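# Close look at the chain arrangement
Residues per chain are reported as follows:
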There are 2 protein chains.
Amino acid sequence: MSARTHERLIRRLGQHAALFAALGDQTRLMILVKLADGVPQSITRLSEGSDLTRQAITKHLTVLEDAGLVTGSRQGRENLFQIESDTLATAHDALDAISKQWDATLDRLKKHVEGA
Amino acid sequence: MSARTHERLIRRLGQHAALFAALGDQTRLMILVKLADGVPQSITRLSEGSDLTRQAITKHLTVLEDAGLVTGSRQGRENLFQIESDTLATAHDALDAISKQWDATLDRLKKHVEGA
DNA sequence: TAAATATGCAACTTATTGGTTGCATGTTAA
DNA sequence: TTAACATGCAACCAATAAGTTGCATATTTA
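The structure displayed is predicted, hence computed values, not measured ones.

Parameters at a glance
- Residues numbered from 1 in each chain as written.
- Chains lettered and ligands numbered in written order.
- Predicted model: local features only at pLDDT ≥ 70, side-chain atom pairs only at ≥ 80, totals over all residues.
- Heavy atoms only, no water.
- Helix = DSSP H or I, 4+ residues; strand = E, 2+ residues; numbered from the N terminus.
- Expected span 1.5 Å × (residues − 1).
- Buried < 20%, exposed > 50% of the residue type's maximum accessible area, 1.4 Å probe, protein only.
- Arc of directions from axis to C-beta.
- Contact = heavy atoms within 4.5 Å.
- Buried area = accessible area lost by both parts, 1.4 Å probe.
- Salt bridge = Lys/Arg side-chain N within 4 Å of Asp/Glu carboxyl O.
- Polar contact = N/O pair within 3.5 Å; in protein donor to acceptor, adjacent residues only side chain to side chain.
- Near = heavy atom within 4 Å.
- Pairing = 2+ DSSP bridges.
- Axes fitted to C-alpha atoms, helices over the stretch in contact; angles between N-to-C directions.
- Nonpolar A, V, L, I, M, F, W, Y, C, P; charged D, E, K, R; others polar.

### Observations concerning helix H4 (residues 54-66) of chain A
Residues and elements named next belong to chain A.
- The end-to-end C-alpha distance of H4, which contains 13 residues, comes to 18 Å, matching closely the 18 Å that a straight helix rising 1.5 Å per residue would cover.
- Those residues of H4 lying buried are Ile57, His60, Leu61 and Leu64. In an axial view of H4, the angular spread of the buried residues amounts to 105°, which keeps them on one side of the axis. Exposed side chains of H4 directed beyond 90 degrees from the buried face belong to Lys59 and Asp66.
- Where H4 terminates, the next one or two residues include Gly68, which has phi positive at roughly 80°.

The structure is reproduced here in structure tokens:
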């Protein structure tokens, strides 16, 4: 691996880490699940049924928005949030990158054991 | 959604959150990448090339192990760690669950717009 | 216009995380 | 049997995260 390739890898890891960190909270996953039906929802709406305060939910939404997982748009007195499926796909691909590398190793290993 | 289904969902979200949280750190992703070539490596080995202390790496390995992403086994005076690809697949599936729900919504939406 | 609604902003508290240093213990090799 | 090596354990520190309360502001609606 060249030095430049290595640098790129590091940078990408940083972005991915931020993404996973945003996903690494039960409340935030719950918010994503609520938004996964495609209907944009207000902060108050997203707070309903939770035992947390509206402000806590707002903070979580900020984290999700910074990670690019949701976007909010002010609509009158409401701030409607919706999911960003592309970013979700990015996280998906990051896991693929690691697991595929591992799978490739597994293949080589299997062939080796089989005497191929 | 029934109350029991809802409980299960919550429990699963908790597990998934822990998994993503473990993935949500640059140093830990780096460790996983190092282990992704399939060769079990000692703590000292995994610490080489990092500007962190061995103990810091040890802590990260503990987090990864608690999340089920790696396992360590003592071999003489070394503790050799290797990746657990199944757990990685679990995280993968969790993202699938959310993004597929979103994709389904998108499909319905598209059909609706197309007047189908 | 006045009341109700939805949100934003800021200060503050507590718990967790990421990191360190120092020292003890077990293992291998000269 | 020492010396070198690999790790484990514990105390400690600084920064960040998660949550709260209180108050201000903008937007509807009766």
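### Some thoughts on the interface of chain A and chain B
- With 32 residues of chain A at the contact, the number on the chain B side is 31 residues.
- Between chain A and chain B the total buried area reaches about 3,100 Å² when both faces are included, carbon and sulfur atoms providing 77% of it.
- Joining chain A to chain B, the criterion identifies zero salt bridges.
- There are two residue pairs in polar contact (both at pLDDT 80 or more) connecting chain A and chain B.
- When residues of the side of chain A that touches chain B are traced back to their parent elements, those giving at least two are helix H1 (3-23), helix H2 (26-35) and helix H5 (85-113) of chain A.
- The dominant element in the side of chain A that touches chain B, judged by the number of residues it contributes, is H5 of chain A, at eleven residues.

### Quick look at the side chain of Ser42 of chain A
All names here are of chain A.
- Structurally, the position occupied by Ser42 is in strand S1 (residues 41-42).
- According to the relative accessible area criterion, Ser42 is buried, its value standing at 10%.
- Non-local contacts of Ser42, meaning those with residues more than four positions away in its chain, are made with Glu78, Asn79 and Leu80.

### Things to note about the protein's contact with DNA strand C
- The local shell around DNA strand C holds 20 residues, among which Thr44 and Arg54 of chain A together with Thr53, Lys59 and His60 of chain B are the closest.
- Of everything in DNA strand C that lies within 4 Å of the protein, sugar and phosphate atoms constitute 69%.
- Arg77 of chain A places a side-chain nitrogen or oxygen 3.3 Å from a base oxygen of DNA strand C.
- Elements with a contribution of two residues or more to the surface near DNA strand C: helix H3 (43-47), H4 and strand S3 (78-83) of chain A together with helix H4 (54-66) of chain B.

### Describing the side chain of Thr87 of chain B
- With respect to the element layout, Thr87 of chain B can be found in helix H5 (residues 85-113).
- Excluding residues that lie within four positions of it along the chain, Thr87 of chain B makes contacts with Leu19, Ala67, Gly68 and Leu69 of chain B.

### Observations regarding the sheet that holds strand S1 (residues 41-42) of chain B
All names here are of chain B.
- With antiparallel pairing, three strands are arranged side by side in an open sheet as S1-S3-S2. Bordering the open sheet on either side are S1 and strand S2 (70-75), each of which pairs with just one other strand.
- Direction of pairing for S2 relative to strand S3 (residues 78-83): antiparallel, over a ladder of six bridges. Bridge pairing in S3 places Thr71 opposite Gln82.
- Packing against the sheet, H4 makes contact with S2 and S3, and its axis sits at approximately 120° to S2.

### Considering the protein's contact with DNA strand D
- Among the 20 residues in the neighbourhood of DNA strand D, the closest are listed as Thr53, Lys59, His60 and Gly76 of chain A together with Thr44 of chain B.
- Of all atoms in DNA strand D that approach within 4 Å of the protein, 67% are sugar or phosphate atoms.
- Taking Arg74 of chain B, its side chain carries an N or O atom lying 3.4 Å from a sugar or linking oxygen of DNA strand D.
- Of all elements in the fold, only H4 of chain A together with helix H3 (43-47), H4 and S3 of chain B reach the threshold of two or more residues within the surface near DNA strand D.
- Looking at the surface near DNA strand D element by element, the count peaks at four residues for H4 of chain A.
- Residue classes in the surface near DNA strand D are distributed as three nonpolar, eight polar and nine charged.

From the geometry alone we can't say anything about function, so treat these as descriptive.
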